[in-house]
Amino acid sequence: MSAYTYRAVDGTGRLLRGELAAASEAELDSRLLQIGLQLVTCRPLSKRQQKSAGSSVDRRELINFCFHLEQAHRAGLPILEALRDLRDSTNSSGFRNVLASISLAVEGGKGLSESMADFPATFDRVFVALVRAGERSGELSQVLSRMTETLKWQDELISQTKKLIMYPAFVGAVVSGVVFFLMLYVVPEMTEFLKTMGQDMPWNTRALIATSEFMVEYWYLVLAVPAGAVLLGRWLIRNDLRSRRAFDGFKLRAWLIGPILQKIIMSRFATYFQIMYASGIPIVDALKTSRELAGNMVIAEALDQVSGYVAEGNTLSMGIGKARLFPPLVVRMVRMGEDIGKLDEALQNVTYFYNREVGEAVDKLQTLIEPAMTVVLGLILGWVMLSVLGPIYDTIGNLGAG
């Protein structure tokens, strides 16, 4: 089955754009009519475009998707009817197109997970694997319930992280603006006055004047070099594996941020791994699937080592112990779960452990950032004021003494 990008009009005459899977243009027209749209134009997507079919949707849309499907399945309602209800109620046109394609595929006899796999940009491999495991085990409602809670936790964590980043970003922008204003306008005016006093200036004043003169002369370099370095770094990270690995390792070692980032990654891994294991996915397959959640080459390679150890017949606790990904307490928790035959409960405890660690670490960092940024701004302004006013006070003092 191919995928098409189309333009269609709804009952009110509004022009809509979207993507839909169909075997032919005639079938595409028929499918659009089923959802109340009249086809205007269409063209098939290339193979590369089909690989990224669908659209990235808001996490809250996915939470709503999981919750409604879970409630419908638990109540015994057909999945097809639940998909149609979601299709008609969603406010996102992109997600509506995805749901329309999925509902039509399910109506044609495909499974839910198989239909979702056609839209990798909307449903990643982990999401699809969990739904497939739920279908095979007959516990789809439990899987969707766990996914709802996990997505809610991720949404809350992302919201906290954004708040954490916004304050230093705002203060950093203010500090940069103040520094530029001082160096380009205020300090040059004061420099002329200080030079007319004809006395030796202290080292901090000379350093300030030299910095100001450099920024006045080469202000474009001050702006262009950092921006160019960022763009070059991003290009290297995307196109060179060694650069990406080095950057990922640096992020994990960075002061304050590194430990929190590692906890966030391991928390996400532990959460989804526990869900996959509880859903009946074998440990090796769960490890291979969940490595994609890392988003960090160093940790992904360590998870590959764990997968290799387990595939050779070793226990999970031995694998994560050798890879040194988890603290000793977590390794002992997993080993105890394996010994008593309750690995599922042990993994749930690991998930709770990391979720709590992440929440506490983010809260601590948030309390440190505000005073730290205030201190930085105060030091910069203090350096400028001391360098400018110091010689003036010395001159006044010498005049009084004379």
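For the structure, see preceding data.
As the structure is a prediction and not an experimental result, all values here were calculated from the model.

S.K.: An account of the packing of helix α15 (residues 316–323) against helix α16 (residues 328–339) is needed here, citing residue identities and associated values.
M.R.: Where α15 contacts α16, the axes come no closer than 8 Å and their chain directions differ by 165 degrees. In terms of orientation, α15 and α16 fall into the roughly antiparallel class. The handedness of the crossing between α15 and α16 is left-handed. For the pair α15 and α16, contact is made by Leu316, Ser317, Ile320 and Gly321 and by Val331, Val334, Arg335 and Glu338, respectively. Considered class by class, the residues forming the contact of α15 with α16 number 4 nonpolar, 2 polar and 2 charged.

S.K.: With reference to specific residues and values, describe the pattern of salt bridges.
M.R.: Under the definition given, this model contains 7 salt bridges. Two residues, Glu301 and Arg245, come together in a salt bridge whose shortest N-O distance is 2.9 Å. With Glu301 in helix α14 (residues 297–311) and Arg245 in helix α11 (residues 241–253), this pair connects stretches of sequence that are 56 residues apart. In this structure Glu301 comes out as partly exposed when scored by relative accessible area, which is 28%. Here Lys263 and Glu357 are joined by a salt bridge, their closest N and O atoms 3.2 Å apart. Taken together, the residues Lys263 in helix α12 (residues 257–278) and Glu357 in helix α17 (residues 343–401) connect sequence positions 94 residues apart. Residue classification places Glu357 among the partly exposed positions, given a relative accessible area of 25%. Here the residues in one salt-bridge network are Arg244, Asp248 and Lys251, joined through shared partners.

S.K.: Report on the side chain of Ser113, specifying residues and quantitative values.
M.R.: Take Ser113: it is sitting in helix α6 (residues 112–116). On the basis of relative accessible area, Ser113 is assigned to the buried category, the value being 6%. In this view, Ser113 contacts Val128, Val131, Arg132 and Glu135; residues no more than four positions away in its chain are not counted.

Reading the values: rules and limits
Residues numbered from 1 in each chain as written. Predicted model: local features only at pLDDT ≥ 70, side-chain atom pairs only at ≥ 80, totals over all residues. Heavy atoms only, no water. Axes fitted to C-alpha atoms, helices over the stretch in contact; angles between N-to-C directions. Helix = DSSP H or I, 4+ residues; strand = E, 2+ residues; numbered from the N terminus. Parallel < 35°, antiparallel > 145°, perpendicular 65-115°, else oblique. Left-handed = near helix turned anticlockwise from the far one by under 90°. Contact = heavy atoms within 4.5 Å. Nonpolar A, V, L, I, M, F, W, Y, C, P; charged D, E, K, R; others polar. Salt bridge = Lys/Arg side-chain N within 4 Å of Asp/Glu carboxyl O. Buried < 20%, exposed > 50% of the residue type's maximum accessible area, 1.4 Å probe, protein only.

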